[in-house]
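Close look at the chain arrangement
Spelled out, the chains give:
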Amino acid sequence: QVQLVESGGGLVQPGGSLRLSCAASGSISSIYAMGWYRQAPGKQRELVARVLRGGSTNYADSVKGRFTISKDFAKNTIYLQMDSLKPEDTAVYYCNQNGLDGGDYWGQGIQVTVSS
């Protein structure tokens, strides 16, 4: 089993920054991809950013130019640098990992609140 632990969330004012981290542990096969999703109240969970094993990335249109995903797969860890935060970025952010063995794992989620 794989455990994903998120950290770095919290309350920030509009225009501010936060950096999320996600560390994986347990029975980890080779990682195919890791990413961040978010779910705001009353909305469906959506992809925020994802990074593949080879380093390619993709982002939701709403965060392009503001968020940056990075990886350190040697440490089974990814990061999400979030700049120029907006109130609409408020959500629970979830870390996700896909293994080469087909495994699909989720973290418990971490709250990010953007408010003045």
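First, a word on scope: everything that follows refers to the structure included in this document. (Residues numbered from 1 in each chain as written. Predicted model: local features only at pLDDT ≥ 70, side-chain atom pairs only at ≥ 80, totals over all residues. Heavy atoms only, no water.)

With respect to the helices, strands and loops of the structure, T77 is situated in strand β8 (residues 77-82). Residue classification places T77 among the buried positions, given a relative accessible area of 9%. The contacts of T77, once residues within four sequence positions are left out, are C22, A23, K71 and D72. (Helix = DSSP H or I, 4+ residues; strand = E, 2+ residues; numbered from the N terminus. Buried < 20%, exposed > 50% of the residue type's maximum accessible area, 1.4 Å probe, protein only. Contact = heavy atoms within 4.5 Å.)

The next point concerns the environment of Y79. As for its position among the elements, Y79 is in strand β8. Counting along the chain gives 58 residues from Y79 to S21, while the straight-line C-alpha distance between them is 4.5 Å.

Note that strand β4 (residues 31-39) and strand β5 (residues 46-52) share six bridges and pair antiparallel. Its bridge partner being in β5, W36 is matched across the sheet by A49. In textbook terms, the turn of a hairpin is the stretch between consecutive antiparallel strands, and for β4 and β5 this stretch comprises six residues, one of which, G42, has a positive phi near 75 degrees. Where β5 folds back onto strand β6 (residues 57-59) in an antiparallel hairpin, the turn is made up of four residues, including G55, whose phi is positive at roughly 110 degrees. (Pairing = 2+ DSSP bridges.)

Moving on, we come to the packing of aromatic side chains. Following the criterion strictly, the structure yields one aromatic pair and no others. The ring of Y79 carries the charged tip of R19 above its face, separated from the ring centre by 4.1 Å. It is R45 that lies over the ring of W106; its NZ or CZ is 4.7 Å from the centre. (Phe/Tyr/Trp six-rings, centres within 6.5 Å; stacked < 30°, edge-to-face > 60°. Lys NZ or Arg CZ within 6 Å of the ring centre and 35° of its normal.)

Tallied over the full model, the rule gives one disulfide. The partner cysteine of C22 in its disulfide is C95, sulfur to sulfur 2.0 Å. Across the S-S bond of C22 and C95 the torsion is about -85 degrees, and the bridge reads as left-handed. Here C22 is found in strand β3 (residues 18-26), whereas its partner C95 is found in strand β9 (residues 91-99), with 73 residues between them in sequence. According to the relative accessible area criterion, C95 is buried, its value standing at 0%. (Disulfide = S-S within 2.5 Å.)

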